[in-house]
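Residues per chain, in single letters:
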Amino acid sequence: MKKSMQSVEIGEAGFFKSLAKGDGFTKLSLLVPGIGNIRRGQIGKGILFLCITAVYWLYFFQTGLTVLEKLPTLGTKTQEKVWDEAQGIYVYEAGDNSLLILLSGVIFVFLTVAFLLFWRAAVRSAYKAEELKKAGRRVPGFWEEVESYFDTKLYRSLLSLPVLGVLIFTVLPLVFMASMAFTNYDRDHQVPGKLFTWIGLDNFRTVLDFNGAFGKTFWPILGWTLTWAVFATFLNYILGMLLAILINHRSVKAKGFWRFCFILSIATPQFVTLLTMRTLLQPNGAVNVLLREMGLLASDAALPFFTDATWARVTIILVNIWVGVPYTLLTTTGILQNIPTELYEAAKVDGANARVTFLKITLPYMLFVTAPTLITTFINNINNFNVIYLLSGGAPATLEYYRGTAGKTDLLVTWLYKLTIDNKDYCYGAVIGILTFVISIVLSLVAYRRTAAYKNEEGFQ
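Residues numbered from 1 in each chain as written. Predicted model: local features only at pLDDT ≥ 70, side-chain atom pairs only at ≥ 80, totals over all residues. Heavy atoms only, no water.

1. A word on the overall build of the protein chain
Then, in step 1: Scanning the protein chain from N- to C-terminus turns up 20 helices and two strands.
Then, in step 2: Taking 2.2 N^0.38 as the reference for a compact globule, 461 residues should give roughly 23 Å; the C-alpha atoms of the protein chain span a radius of gyration of 31 Å, well beyond that estimate.
Then, in step 3: Scored against the burial criterion, the 461 residues of the protein chain give a buried share of 35%.
Then, in step 4: Here the contacts in the protein chain between residues at least 6 apart in sequence split such that 65% fall between residues at least 24 apart.
Then, in step 5: Split by element, the accessible area of the protein chain, about 26600 Å² in all, is 66% carbon and sulfur.
Then, in step 6: Within the protein chain, the 31 negative side-chain charges are centred at a point lying 9 Å from the centre of the 41 positive side-chain charges. (Helix = DSSP H or I, 4+ residues; strand = E, 2+ residues; numbered from the N terminus. Rg over C-alpha atoms; globule rule 2.2 N^0.38 Å. Buried < 20%, exposed > 50% of the residue type's maximum accessible area, 1.4 Å probe, protein only. Contact = heavy atoms within 4.5 Å. Areas by Shrake-Rupley, 256 points an atom, 1.4 Å probe, with all protein chains shown as cover. Lys, Arg positive; Asp, Glu negative; His and termini not counted. Charge placed at Lys NZ, Arg CZ, Asp CG, Glu CD.)

2. Notes on the side chain of Thr-398
Then, in step 1: Relative to the assigned elements, Thr-398 resides in the loop between helix H17 (385-391) and helix H18 (412-422).
Then, in step 2: Of the polar contacts made by the side chain of Thr-398, one reaches the backbone nitrogen of Glu-400; its length is 3.0 Å. (Polar contact = N/O pair within 3.5 Å; in protein donor to acceptor, adjacent residues only side chain to side chain.)

3. Some remarks on the packing of helix H6 (residues 98-134) against helix H8 (residues 154-179)
In a packed pair of helices, the relevant descriptors are the angle between the two axes and the axis-to-axis distance.
Then, in step 1: At a minimum axis separation of 10 Å, H6 and H8 run at an interaxial angle of 130°. Accordingly, the angle class assigned to the pair H6 and H8 is oblique. Relative to H8, H6 is oriented so that their crossing is right-handed. Where H6 abuts H8, its residues Leu-99, Leu-102, Leu-103, Val-106, Ile-107 and Phe-110 lie against Leu-167, Val-171, Leu-172, Val-175, Phe-176 and Ser-179.
Then, in step 2: Of the residues in the contact of H6 with H8, the class split is eleven nonpolar, one polar and no charged. (Axes fitted to C-alpha atoms, helices over the stretch in contact; angles between N-to-C directions. Parallel < 35°, antiparallel > 145°, perpendicular 65-115°, else oblique. Left-handed = near helix turned anticlockwise from the far one by under 90°. Nonpolar A, V, L, I, M, F, W, Y, C, P; charged D, E, K, R; others polar.)

4. What to know about unusual backbone geometry
Then, in step 1: Backbone torsion omega between Val-191 and Pro-192 reads 5°, so that peptide bond is classified as cis.
Then, in step 2: Mapped onto the fold, Pro-192 is located in the loop between H8 and helix H9 (202-208).
Then, in step 3: The backbone phi angle of Ala-254 is positive, close to 55°, even though this residue is not glycine.
Then, in step 4: Mapped onto the elements of the fold, Ala-254 is located in the loop between helix H10 (215-248) and helix H11 (255-267).
Then, in step 5: Here the phi dihedral of Arg-403 falls at roughly 55°; this positive angle occurs in a residue that is not glycine.
Then, in step 6: When you line up the elements, Arg-403 lands in the loop between H17 and H18.

5. Looking at the packing of H10 against helix H14 (residues 309-336)
Then, in step 1: Look at H10 against H14: their axes get within 6 Å of each other, and the N-to-C directions meet at 45°. Between H10 and H14, the crossing angle belongs to the class labelled oblique. You can see that H10 and H14 cross each other, and the crossing is right-handed.
Then, in step 2: The residue makeup of the contact of H10 with H14, split by class, is 18 nonpolar, eight polar and one charged.

6. Regarding the nonpolar core
Then, in step 1: Counting residues in each nonpolar core, the largest one holds 37 residues, and the members touching the most others are Trp-228, Leu-274, Ile-316, Val-319, Met-366 and Leu-411.
Then, in step 2: Counting residues in hydrophobic clusters, the runner-up holds 31 residues, among them Val-106, Val-191, Leu-419 and Cys-427. (Core = buried A, V, L, I, M, F, W, Y, C linked by side-chain atoms within 4.5 Å.)

7. Re H18
Then, in step 1: When we look at burial in H18, the residues that qualify are Leu-412, Val-413, Thr-414, Trp-415, Lys-418, Leu-419 and Thr-420.
Then, in step 2: Just past H18, the residue Lys-424 takes up positive phi, approximately 65°.

8. A look at the packing of aromatic side chains
Then, in step 1: Scanning all chains against the criterion turns up 28 aromatic pairs.
Then, in step 2: Centroid distance Phe-214 to Tyr-402: 4.6 Å. Interplanar angle 50°. Geometry classified as tilted. Taken together, the positions of Phe-214 in the loop between H9 and H10 and Tyr-402 in the loop between H17 and H18 put the pair 188 residues apart, joining distant regions of the chain. One exposure class covers both Phe-214 and Tyr-402, and it is buried.
Then, in step 3: Counting every residue linked through ring pairs, the aromatic cluster contains Phe-49, Tyr-56, Trp-57, Tyr-59, Phe-60, Phe-61, Phe-108, Phe-115 and Phe-118. (Phe/Tyr/Trp six-rings, centres within 6.5 Å; stacked < 30°, edge-to-face > 60°.)

9. Considering a nonpolar patch on the surface
Then, in step 1: A cluster of nonpolar side chains, contributed by Tyr-155, Leu-159, Leu-161, Val-163, Leu-164, Leu-167, Ile-168 and Phe-169, occupies part of the molecular surface with about 830 Å² of accessible area.
Then, in step 2: Mapped onto the secondary structure, Tyr-155 falls in helix H8. (Patch = residues over 30% accessible without salt bridge, like charges linked within 9 Å, V, L, I, M, F, W, Y side chains within 5 Å. Salt bridge = Lys/Arg side-chain N within 4 Å of Asp/Glu carboxyl O.)

10. So, the confidence of the model for the protein chain
Then, in step 1: Of all residues in the protein chain, 94% have pLDDT values of 70 or greater, and the mean over the chain is 89.
Then, in step 2: Ranking the helices and strands of the protein chain by mean pLDDT puts H9 first, with 97, and helix H1 (residues 2-11) last, with 41.
Then, in step 3: pLDDT under 50 marks residues 1-12. Its contacts with residues more than four places away, or in other chains, come to eleven contacts. (pLDDT = per-residue confidence, 0-100.)

11. Re the environment of Ala-267
Then, in step 1: Mapped onto the elements of the fold, Ala-267 is located in helix H11.
Then, in step 2: Separated by 156 residues in the primary sequence, Ala-267 and Leu-111 place their C-alpha atoms 45 Å from one another.

12. Focus on H14
Then, in step 1: Here H14 spans 38 Å end to end across 28 residues, near enough to the 40 Å set by a 1.5 Å rise per residue.
Then, in step 2: In the structure, H14 departs most strongly from a straight axis at Gly-324, where the bend amounts to approximately 35° and where the proline Pro-326 lies between one and four residues downstream.
Then, in step 3: N-capping of H14 is provided by Asp-308, with a side-chain oxygen placed 3.1 Å from the backbone N of Thr-310. (Expected span 1.5 Å × (residues − 1). Bend = angle between axes of the 7 residues up to and from the residue.)

13. Quick word on the environment of Leu-58
Then, in step 1: Considering the arrangement of structural elements, one finds Leu-58 in helix H5 (residues 43-70).
Then, in step 2: As a C-alpha pair, Leu-58 and Gly-44 span 14 residues in sequence and 21 Å in three-dimensional space.

Right, here's the structure in full:
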């Protein structure tokens with residue numbers, strides 16, 4: 001037992017403890033990672049540490065120094081048109097590429113952080129081998145260490161590739177895109193013909209300025225985004241729950257049939273439903289044509305589903321109810337069927353009517369169970385690209401918004417898309433992406449910490 005505890009203490013030795021209590025070879029591992037392992041007989045592991053260190057420093061001197069030199073300015077030499085005497089024509093002479101410099105800088109930072117973590121692990125490994133030697137215990141060989149990653153450390157082997165994938169394909173691109181928010185990379189600074197550079201927080205000031213052209217677009221769109229998220233979330237939730245309660249009532253026959261009817265809308269891909277609705281509600285779509293044929297509209301009239309801002313916003317919310325309520329129906333049906341019947345029986349004995357039973361038993365139980373999902377749905381609706389882009393495309397368009405880049409029904413996420421893809425204002429798109437992330441995470445944390453599911457986890461158990 002004593003040896004086992006000693007092994008645990010050795011295995012958990014920290015970096016600073018390794019430096020404070022390690023011998024000369026352990027301290028030398030600060031400068032030459034792996035030398036301490038080689039001294040204690042871990043030849044293969046030590047050589048591996050040395051090789052990784054050599055590869056990093058080779059990269060640092062061949063590429064890293066150039067990146068560090070250009071990263072503060074993001075390039076100084078622009079592409080030039082020069083006369084080629086041999087060919088007798090003008091040719092373009094390549095200059096710096098700010099985008100590649102920025103990407104190389106982000107990669108350099110990630111590799112450097114990874115190397116520092118590796119360097120820390122190498123020092124700790126050297127100290128662990130030293131402690132094993134002092135304790136008179138055998139230091140494991142290279143292949144024994146490898147085998148442990150398929151046995152006692154299998155979790156590390158299984159998790160390493162997914163984590164590495166997340167870092168490379170998610171975190172690194174996000175950091176790269178977010179860093180553009182601090183540059184002037186827009187339609188007027190397109191590479192490789194022109195360079196862009198760092199401008200600090202100027203873009204944030206431009207976006208958040210109430211009196212600026214950009215701010216007069218950002219704040220109304222933010223207001224509509226939050227309004228949309230509230231209606232899209234809570235209307236779907238309330239109507240889906242009421243529908244589930246109605247179908248689940250004891251007097252309703254053929255419950256499975258009614259649920260099947262609503263589930264059919266889920267079976268249809270969402271984008272198909274949205275595009276179909278968009279076609280039906282056009283000025284010359286089936287709905288307006290039918291109303292004209294019925295004499296309810298003049299021959300040249302049409303209901304302004306997507307041409308009037310108020311009509312468009314109401315239309316989007318109503319179509320989203322059609323799309324979203326069946327999902328809530330399924331979720332709440334399962335929860336309703338798991339509410340203890342004893343609660344309803346006790347309420348009935350006490351003389352509670354249906355309204356009191358709903359407000360005191362059903363609704364609190366539903367909110368307790370579904371509050372985290374409700375918060376997630378709200379955040380998803382803030383970033384609900386599909387419904388807006390496929391249904392209205394942001395219409396009606398307006399020149400009142402920044403350079404006509406957004407419409408009255410655009411959310412922050414659809415406006416971000418238009419700014420970057422259609423207008424090449426990448427720096428402003430990055431700022432909006434960061435602000436949307438901050439708003440989402442703040443609302444999520446504040447809302448979740450106020451829910452009964454967080455405050456009283458044992459409440460309904």
